[in-house]
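# Residue-level structure breakdown
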Amino acid sequence: MTGASGVNTGRIIRRPHRVIPGFGATMGLTITYLSLVVLIPLAALFLEAAGMGPAQWWGILVDPRVLASLRLSFGGALLAALVNGVFGLVVAWVLVRYDFPGRRLVDAAVDLPFALPTAVAGVALTALYAPNGWIGSLLAPLGIRVAFTPLGVVVAMIFIGVPFVVRTIEPILADFDRELEEAAITLGALPFQTFRLVILPAVGPALLTGVSLAFARAVGEYGSVIFIAGNMPGISEITPLLIVTKLEQYDTTGATVLAAIMLIISFVLLLAINSLQKWRRRRTEA
Amino acid sequence: MRASVIGESRLLRWTLTAVALAFLGLFLLLPLAAVLAEALAKGWDRYFHALLKPDSLSAIRLTLIVTAIAVPSNVVFGVAASWAVTKYDFPAKSLLLTLIDLPFSVSPVIAGLIYVLMFGLQGWMGPWLQAHDIKIIFALPGIVLATIFVTFPFVARELIPLMEEQGRAEEEAAVTLGAGGFRTFWSVTLPNIKWGLLTGVLLCNARAMGEFGAVSVVSGHIRGLTNTMPLHVEILYNEYDLVGAFAVASILAFLALVTLAAKVGVEWWHGDELAANRRH
């Protein structure tokens, strides 16, 4: 996901170097600010975590409570990202292709999770899905409990991931060359065949990017999840909450190592997705 | 909208539209409605009473102060970074872009934790800070730092694709005609990017006012002192003061709606001056 915008300037036409003044000032400011706010503090985390021995790392990692929280955070985020992948594709498709009253309003509403504070989303979702809430009371007779269960965690993760998928696919769908579709139809393809064989391959990379963005966001999500989760250790406790709990119990070491583990898993996954994208792009271009 | 080409039946189009609307209604609209319903559950009197409590007011004030420091800092950084990335060629540009995006893939809780490790009592600079009687963690500076971290990439992310698209020709012309760097930025670049910049500021601002996880770790939750609005929502909620929690939440939700409305307005009237392929 990171740097996936693939910005690549002036590689083809080499303009004279740095005609525009201000390189030193802007680059200096960028690097300084980036280092102070992001790089040095993050390095501090990894240095601190690296200071612990392998035995300590192992001890923290194999704690059943830690393992359960990692399973919930990464598993829940994956499930939520996949749900968003399916419905996000439908939403983007409908918003780009169809016209209906209030379409612009609906399009604007997609950004709501970007703008709405996570804590507000958290208390609102809890109120909705609690056994006496608007949705919870409908589900309760069916024996489905959402709030205060792992299912509630997934619901909150779906909420915050919606815009990532929709907003990544929308421009690709809008720019899609209609002539390819027309050609497919002319050649006798059925609507679903056209979708599966012509449109989906074109949208695929953006879909994967959107899903991985939603996934990355959901893994680290805290505010919207902790209210609806119920936070039972080993059952509905996410890793970020466990980090906070350790910190509040003055177990800075445990919190630091757990944070490092979480970051490493996230980065490895994102790196894998990025490489997969690059490999695919190379293969299709070849 | 353009007519569909792939010739799906009317029934399928209606079904897809219904599925999309139901999904968005269920996950986006209903929570918003729930906030208002809960806030006003006991009537307007109780609503305003909850909002005008001193703790609520001081939470609102702190949030405004934090936002007023964090957003301008990130605007200055975002503009400088976008300028550096798009107006010059240099090695390792894609690495720099990756690093600018980094805060998006770090859990807010970890964002808070790294500052505790740096500035907390047991942290790297803890003893020195204590000796000089400087408080960062459990005080305003820590909250501002955590907020800056999580809102770090917003402005740059909005500006870089836009400035990339606009190229360098206009700036080069201005420089050739004798304008200095700052003059070039002020009279040539800024007018070109102002709407993209505004969109970035809106998103940055919304996230800054609403940040919860990162701020929660560094704030210490001292009522009336280090409680921002989102933290105050949590405290009231955990005390079963539902009207109070949802009243403060409704203010935040209202601010979110204003942000969205402003963003839609910019896109509606100045959409052609934004980057063609928006990405978040």
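Small disclaimer: the values here were computed from a predicted structure and weren't measured.

## Let's talk about the overall build of chain A
Scanning chain A from N- to C-terminus turns up 13 helices and zero strands. Helices (α) and strands (β) of chain A occur, in sequence order from the N terminus, as α-α-α-α-α-α-α-α-α-α-α-α-α. Seen through its C-alpha atoms, chain A measures out along the principal axes to roughly 65 × 65 × 35 Å. Per-residue burial over chain A gives 55% buried out of 286 residues. A fraction of 75% describes how many contacts in chain A between residues 6 or more apart in sequence connect residues 24 or more apart.

## So, the environment of A:Phe164
Residues and elements named next belong to chain A. The residue Phe164 is located in helix 8 (residues 150–175) in this model. Given the relative accessible area of 9%, Phe164 is considered buried. Taking C-alpha positions, Phe164 is 5.6 Å from Ala214, a pair spaced 50 residues apart along the chain.

## Side note on the confidence of the model for chain B
With 95% of its residues at a pLDDT of 70 or more, chain B shows a mean pLDDT of 89. Among the scores for the predicted complex, ipTM is 0.88 and pTM is 0.88.

## Some points on the nonpolar core
Among soluble globular proteins, nonpolar side chains are generally buried collectively. Judged by nonpolar contacts, the single largest core of 178 residues is most densely connected at A:Leu116, A:Tyr129, A:Ile243, B:Ile110, B:Tyr115 and B:Phe149. When residues of this core are assigned to their parent elements, the largest contribution, 15 residues, is made by helix 3 (residues 64–97) of chain A. Here B:Ile110 is in contact with A:Leu45, A:Ile243, A:Ala259, A:Met262 and A:Leu263, once residues within four sequence places are set aside.

## With respect to empty space enclosed by the protein
Tallying each qualifying case throughout the model produces ten cavities of 30 Å³ or more. As a volume, the largest cavity reaches approximately 410 Å³. Those elements that provide at least two residues to the lining of the largest cavity are helix 5 (112–115) and helix 10 (191–220) of chain A together with helix 8 (154–166) and helix 10 (181–210) of chain B. Each residue belonging to the lining of the largest cavity can be placed in one class, and the counts come to 17 nonpolar, six polar and seven charged.

## Some words on the packing of helix 9 (residues 178–186) of chain A against helix 10 of chain A
Residue and element names in this part refer to chain A. One can describe the packing of helix 9 onto helix 10 by two numbers: an axis separation of 10 Å at closest approach and a directional angle of 145 degrees. Considering only the axes of helix 9 and helix 10, their crossing is right-handed. Contact residues: Leu180, Glu181, Ala184 and Ile185 in helix 9; Thr194, Val198 and Ile199 in helix 10. Residues that form the contact of helix 9 with helix 10 fall into these classes: five nonpolar, one polar and one charged.

## A short note on helix 7 (residues 140–151) of chain B
Counted at 1.5 Å a residue, the expected span for helix 7 of chain B with its twelve residues is 16 Å, and the 17 Å between its end C-alpha atoms agrees. The buried fraction of helix 7 of chain B is high, at ten of twelve residues. Here helix 7 of chain B has its buried residues at B:Gly142, B:Ile143, B:Val144, B:Leu145, B:Ala146, B:Thr147, B:Ile148, B:Phe149, B:Val150 and B:Thr151. In this structure, the buried residues of helix 7 of chain B make contact with helix 1 (23–50) of chain A together with helix 3 (54–87), helix 5 (108–119), helix 8, helix 10 and helix 11 (213–219) of chain B.

## Focus on the interface of chain A and chain B
At the interface, 108 residues of chain A touch 99 residues of chain B. In total, about 9500 Å² of surface goes out of reach between chain A and chain B, with carbon and sulfur atoms giving 76% of it. Where chain A meets chain B, there are one salt bridge. Measuring nitrogen to oxygen at the nearest pair gives 2.6 Å for the salt bridge that ties B:Lys263 to A:Asp111. Counting the contacts that link chain A with chain B gives nine residue pairs in polar contact (both at pLDDT 80 or more).

## Concerning the side chain of B:Thr151
All names here are of chain B. Along the chain, the position of Thr151 falls in helix 7. According to the relative accessible area criterion, Thr151 is buried, its value standing at 0%. Once residues lying within four places of it in the same chain are set aside, the contact partners of Thr151 are Asn74, Cys204, Arg207 and Ala208.

## Description of the packing of helix 1 (residues 10–39) of chain B against helix 13 (residues 242–270) of chain B
All names here are of chain B. Relative to each other, helix 1 and helix 13 sit at 135 degrees, their axes nearing to 8 Å. It follows that helix 1 is oblique to helix 13 by the angle criterion. Along this stretch, helix 1 crosses helix 13, giving a crossing that reads as left-handed. Of the residues in helix 13, those in contact with Leu32, Val35, Leu36, Glu38 and Ala39 of helix 1 are Leu242, Val243, Phe246, Ala247, Ala249, Ser250, Ala253 and Leu257.

## Let's talk about a nonpolar patch on the surface
Residues A:Leu47, B:Trp124, B:Met125, B:Trp128 and B:Ile134 make up a contiguous nonpolar surface patch of roughly 520 Å² in combined accessible area. Tracing the sequence through the fold places B:Ile134 in the loop between helix 6 (126–131) and helix 7.

## Quick word on the pattern of salt bridges
All names here are of chain B. According to the stated counting rule, one finds 15 salt bridges over all chains in the structure shown. The shortest N-O distance in the salt bridge between Asp241 and Lys53 comes to 3.9 Å. Placement of Asp241 in the loop between helix 12 (229–238) and helix 13 and of Lys53 in the loop between helix 2 (44–51) and helix 3 is noted, with a sequence separation of 188 residues between them. A relative accessible area of 36% means that Lys53 is categorised as partly exposed.

## Considering the environment of B:Arg46
Residue and element names in this part refer to chain B. For Arg46, the location among the structural elements is in helix 2. With a relative accessible area of 40%, Arg46 lands in the partly exposed category. Residues Arg46 and Leu57, eleven residues apart in the sequence, show an inter-C-alpha distance of 15 Å.

## Structural notes on unusual backbone geometry
Of note, the phi angle at A:Asn231 is positive, near 55 degrees, even though the residue is not glycine. In this structure, A:Asn231 sits in the loop between helix 11 (223–229) and helix 12 (239–248). By relative accessible area, which is 24% here, A:Asn231 ends up partly exposed. For B:Ala92, which is not glycine, the phi torsion reads 65 degrees and is therefore positive. Relative to the assigned elements, B:Ala92 resides in the loop between helix 3 and helix 4 (93–101).

Parameters and conventions
- Residues numbered from 1 in each chain as written.
- Chains lettered and ligands numbered in written order.
- Predicted model: local features only at pLDDT ≥ 70, side-chain atom pairs only at ≥ 80, totals over all residues.
- Heavy atoms only, no water.
- Helix = DSSP H or I, 4+ residues; strand = E, 2+ residues; numbered from the N terminus.
- Buried < 20%, exposed > 50% of the residue type's maximum accessible area, 1.4 Å probe, protein only.
- Contact = heavy atoms within 4.5 Å.
- pLDDT = per-residue confidence, 0-100.
- Core = buried A, V, L, I, M, F, W, Y, C linked by side-chain atoms within 4.5 Å.
- 1 Å grid on protein atoms, 1.4 Å probe; cavity = no way out; pocket = protein on both sides within 12 Å on 5 of 7 lines; lining within 4 Å.
- Points joined across faces, edges and corners; volume = space filled by probe spheres on them.
- Nonpolar A, V, L, I, M, F, W, Y, C, P; charged D, E, K, R; others polar.
- Axes fitted to C-alpha atoms, helices over the stretch in contact; angles between N-to-C directions.
- Left-handed = near helix turned anticlockwise from the far one by under 90°.
- Expected span 1.5 Å × (residues − 1).
- Buried area = accessible area lost by both parts, 1.4 Å probe.
- Salt bridge = Lys/Arg side-chain N within 4 Å of Asp/Glu carboxyl O.
- Polar contact = N/O pair within 3.5 Å; in protein donor to acceptor, adjacent residues only side chain to side chain.
- Parallel < 35°, antiparallel > 145°, perpendicular 65-115°, else oblique.
- Patch = residues over 30% accessible without salt bridge, like charges linked within 9 Å, V, L, I, M, F, W, Y side chains within 5 Å.
- Areas by Shrake-Rupley, 256 points an atom, 1.4 Å probe, with all protein chains shown as cover.

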